[in-house]
Amino acid sequence: MARLEAVRLLLAFSCIKGFKLFQMDVKSAFLNGYINIEVFISQPLGFEDHQHPEHVFKLKKTLYRLKQAPRQCYETSQGYDRSTYDKTLFMKIK
């Protein structure tokens, strides 16, 4: 959640400089982040392998409620720079 002061500052700055602003929903960003550490999970309900019930899954991508998901999302910001004022504000300057 962005701080209200950061949003106001961004809007004022973009008006002065004539920037185009785009807003995007990043809820799915947690699901698109590749994970660079080894994380294993037990077999979720509905995805059990009845031949190998003791096996676990190794994750290649982050999951929504995974503790490492926010960190991975912020580390791989895909060309966007994170603001020093507000850590939830990302900018891409061409």
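So, here's what we can say about the structure.

**Overview of the pattern of salt bridges**
Step number 1: All told, the structure shown has one salt bridge when counted by the stated rule.
Step number 2: Between Glu38 and Lys58 there is a salt bridge; the shortest N-O distance is 3.6 Å. Of this pair, Glu38 sits in the loop between helix H2 (29-32) and strand E1 (40-41) while Lys58 sits in strand E2 (residues 57-58); the two residues are 20 residues apart in sequence, bridging distant segments of the chain.
Step number 3: On the accessibility criterion, Glu38 (59% relative accessible area) is exposed.

**A few points about a nonpolar patch on the surface**
Step number 1: A cluster of nonpolar side chains, namely Leu4, Val7, Leu11, Phe13, Phe19 and Leu21, defines an oily patch on the protein surface of about 560 Å² accessible area.
Step number 2: Topologically, Leu21 is positioned in the loop between helix H1 (4-17) and H2.
Step number 3: Residue class for Leu21 comes out partly exposed when judged on its relative accessible area of 40%.

**Digging into H1**
Step number 1: With 14 residues, H1 should cover 20 Å at 1.5 Å per step; its first-to-last C-alpha distance of 20 Å lies within 8% of that length.
Step number 2: Immediately beyond the C-terminal end of H1, within one or two residues, lies Gly18, with a positive phi of roughly 75°.

**A look at the side chain of Ser14**
Step number 1: By secondary structure assignment, the location of Ser14 is in helix H1.
Step number 2: The exposure class assigned to Ser14 is buried, which follows from its relative accessible area of 7%.
Step number 3: Each residue touching Ser14, except ones within four places of it in the same chain, is listed here: Phe19 and Leu21.

**Thoughts on the side chain of Gln43**
Step number 1: By secondary structure assignment, the location of Gln43 is in the loop between E1 and E2.
Step number 2: Accessibility expressed as a relative area gives 14% for Gln43, which makes it buried.
Step number 3: Within the local environment of Gln43, its side chain forms a polar contact with the backbone nitrogen of Asp49, the two atoms lying 2.6 Å apart.
Step number 4: Of note is the side chain of Gln43, whose polar atom sits 2.9 Å from the backbone oxygen of His52.
Step number 5: Filtering out sequence-adjacent residues up to four positions away, Gln43 remains in contact with Glu48, Asp49, His52, Pro53, His55 and Phe57.

What counts as what
- Residues numbered from 1 in each chain as written.
- Predicted model: local features only at pLDDT ≥ 70, side-chain atom pairs only at ≥ 80, totals over all residues.
- Heavy atoms only, no water.
- Salt bridge = Lys/Arg side-chain N within 4 Å of Asp/Glu carboxyl O.
- Helix = DSSP H or I, 4+ residues; strand = E, 2+ residues; numbered from the N terminus.
- Buried < 20%, exposed > 50% of the residue type's maximum accessible area, 1.4 Å probe, protein only.
- Patch = residues over 30% accessible without salt bridge, like charges linked within 9 Å, V, L, I, M, F, W, Y side chains within 5 Å.
- Areas by Shrake-Rupley, 256 points an atom, 1.4 Å probe, with all protein chains shown as cover.
- Expected span 1.5 Å × (residues − 1).
- Contact = heavy atoms within 4.5 Å.
- Polar contact = N/O pair within 3.5 Å; in protein donor to acceptor, adjacent residues only side chain to side chain.

Functional significance is not addressed by these values, which are geometric in nature.
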